[in-house]
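Geometric and topological summary
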Amino acid sequence: MQDSTSAGTLVLGIDVGGTKTHLRAFAGDHRVVDHVRSSAGWRPHDTAAAVARLTGLVRETLPSGARPSALAVGAHACETPRQCARIRDGLESAFGVPVLVVGDAELLVPAAGLDKGVGLVAGTGSVAVGRLPDGTAVQVGGWGAVLGDEGGAAGLVREAARAVWAAHDRGEEPDELALGLVASLGVPEVPALGAALESATDVSAEWGRHAPVVFAAAEAGSTLARAVIADAGRSLAALVARLAARGAVVDDVVVAGGTVLSQPALYDALTAGLAATVPAARTRPLREPPVEGAVALARSLL
């Protein structure tokens, strides 16, 4: 994507992720703001609260007297076009400039410098987004740790617990995965894992922080852990396959998220899954922060 903005034009991109919010502003090629803060308290389903939070962020971080010429936001948990449009309308009313609001996964493709492709996130949760030939955005996955998010950290822990319980029911001795989960969750034995998981108040975050146990157990030789990781990679590949089946362009799959990019075993399982189901798809690990995608989208509004 080419930067055609002038030095006097201020473009603003915001990535509201599940953990942190990242704002960048550019005047031409000059970066004037680069600000990161926690996303705690982000409530996209409450339009007024979301708009107030974003307008406050912009006004607090831009230099005194500066006004954006265009603004784009990638918003975590902004799950439908209608929901994103409500936030967009509120921001346009507040700033009087063109605004685009999309789900945060839609930032990945432009952040990679591409015009089309799939954005695939596997961090705490998992989701994939693509576009149909007519430009319509399509999202698959992202249903939360209780029902979905296969391949994300929380989903890995859920499936690891299921695998450990099944092995217990078969009368098998606890292996490295079972022992790791028992220790990480602070319970005395495998049957107690259920109560520990069910007691979580923030399921995704509280389950997800135990995901390193799964990878450590796999490295220690646990066949259960290795099977869980292989299944997670196939599940992530299945998200791309669903997009392809709906007609989305899937030649390039831009991959982001702390879980998949920090764990080679999961990334390898994803590429193996894609080779089996969508062989034309090429994975591209995202090297730039997703906020660069928001900046590129903001520039496209001018």
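This write-up is about the structure you can find in this document.

Each value, and the rule that gives it
Residues numbered from 1 in each chain as written. Predicted model: local features only at pLDDT ≥ 70, side-chain atom pairs only at ≥ 80, totals over all residues. Heavy atoms only, no water. Helix = DSSP H or I, 4+ residues; strand = E, 2+ residues; numbered from the N terminus. Buried < 20%, exposed > 50% of the residue type's maximum accessible area, 1.4 Å probe, protein only. Contact = heavy atoms within 4.5 Å. Areas by Shrake-Rupley, 256 points an atom, 1.4 Å probe, with all protein chains shown as cover. Lys, Arg positive; Asp, Glu negative; His and termini not counted. Charge placed at Lys NZ, Arg CZ, Asp CG, Glu CD. Core = buried A, V, L, I, M, F, W, Y, C linked by side-chain atoms within 4.5 Å. Polar contact = N/O pair within 3.5 Å; in protein donor to acceptor, adjacent residues only side chain to side chain. Salt bridge = Lys/Arg side-chain N within 4 Å of Asp/Glu carboxyl O. Patch = residues over 30% accessible without salt bridge, like charges linked within 9 Å, V, L, I, M, F, W, Y side chains within 5 Å. Axes fitted to C-alpha atoms, helices over the stretch in contact; angles between N-to-C directions. Parallel < 35°, antiparallel > 145°, perpendicular 65-115°, else oblique. Left-handed = near helix turned anticlockwise from the far one by under 90°. Nonpolar A, V, L, I, M, F, W, Y, C, P; charged D, E, K, R; others polar.

Observations regarding the overall build of the chain
A tally of regular secondary structure across the chain gives twelve helices and ten strands. A principal-axis box enclosing the C-alpha atoms of the chain has dimensions of 70 × 40 × 30 Å. Out of the 302 residues belonging to the chain, those deemed buried represent 50%. Contacts spanning at least 24 positions in sequence make up 65% of the contacts within the chain whose residues lie at least 6 apart. By element, 52% of the accessible surface of the chain is carried by carbon and sulfur atoms, the whole surface being about 13,700 Å². For the chain, the separation between the mean place of its 25 positive charges and that of its 32 negative charges on side chains is 7 Å.

Focus on helix H8 (residues 211–219)
What H8 keeps buried is the set Ala211, Val213, Val214, Phe215, Ala217 and Ala218. Where H8 is buried, its residues touch helix H4 (153–169), helix H5 (176–185), helix H7 (203–208), helix H9 (223–245), helix H10 (258–262) and helix H11 (264–277). Looking one or two residues beyond H8, the residue adopting positive phi is glycine 221, at roughly 110°.

What to know about the nonpolar core
Counting residues in each nonpolar core, the largest one holds 56 residues, and the members touching the most others are Leu120, Leu177, Leu193, Val240, Leu243, Leu266 and Leu270. Top contributing element to this core by residue count: H9, with ten residues. When near neighbours in sequence (up to four residues on either side) are disregarded, valine 240 contacts Val118, Leu120, Val250, Val253, Leu274 and Val278. The next biggest cluster of nonpolar side chains, apart from the first, holds 26 residues, and it includes Leu23, Trp42, Val51 and Ile87.

So, H5
Among the residues making up H5, those that are buried are Leu177, Ala178, Gly180, Leu181, Val182 and Leu185. Where the residues of H5 are buried, they touch H4, helix H6 (193–198), H8 and H9. Where H5 begins, one side-chain oxygen reaches toward the backbone nitrogen of leucine 177, 3.0 Å away; that side chain belongs to aspartate 175. Among the residues trailing H5, glycine 186 stands out with phi positive, at a value near 70°.

Here's the deal with the pattern of salt bridges
Enumeration according to the criterion identifies 13 salt bridges in this entry. Here arginine 24 ties to aspartate 34 by a salt bridge, and the two come within 2.6 Å at their closest N and O atoms. Of this pair, arginine 24 sits in strand S2 (residues 20–27) while aspartate 34 sits in strand S3 (residues 30–38); the two residues are ten residues apart in sequence, bridging distant segments of the chain. When its relative accessible area of 8% is taken as the criterion, arginine 24 is described as buried. Here aspartate 34 falls in the partly exposed class, since its relative accessible area comes to 39%.

What about the environment of alanine 237?
Within the secondary structure, alanine 237 is located in helix H9. Looking at alanine 237, the relative accessible area reads 0%, which means it is buried. Counting along the chain gives 127 residues from alanine 237 to proline 110, while the straight-line C-alpha distance between them is 21 Å. Apart from the residues within four sequence positions on either side, alanine 237 is in contact with Leu270, Gly273, Leu274 and Thr277.

Description of a nonpolar patch on the surface
On the surface, Trp143, Val146 and Leu147 cluster together into a nonpolar patch covering about 430 Å² of accessible area. Among the structural elements, valine 146 can be located in the loop between strand S8 (137–141) and H4.

Considerations on the packing of H5 against H8
At a minimum axis separation of 9 Å, H5 and H8 run at an interaxial angle of 150°. Viewed along their axes, H5 and H8 adopt a mutual orientation that is roughly antiparallel. By crossing handedness, the relation of H5 to H8 is classed as right-handed. Between H5 and H8, the residues in contact are Glu176, Leu177, Gly180, Leu181 and Ser184 and Val213, Val214 and Ala217, respectively. Of the residues contributing to the contact of H5 with H8, the split by class is five nonpolar, two polar and one charged.

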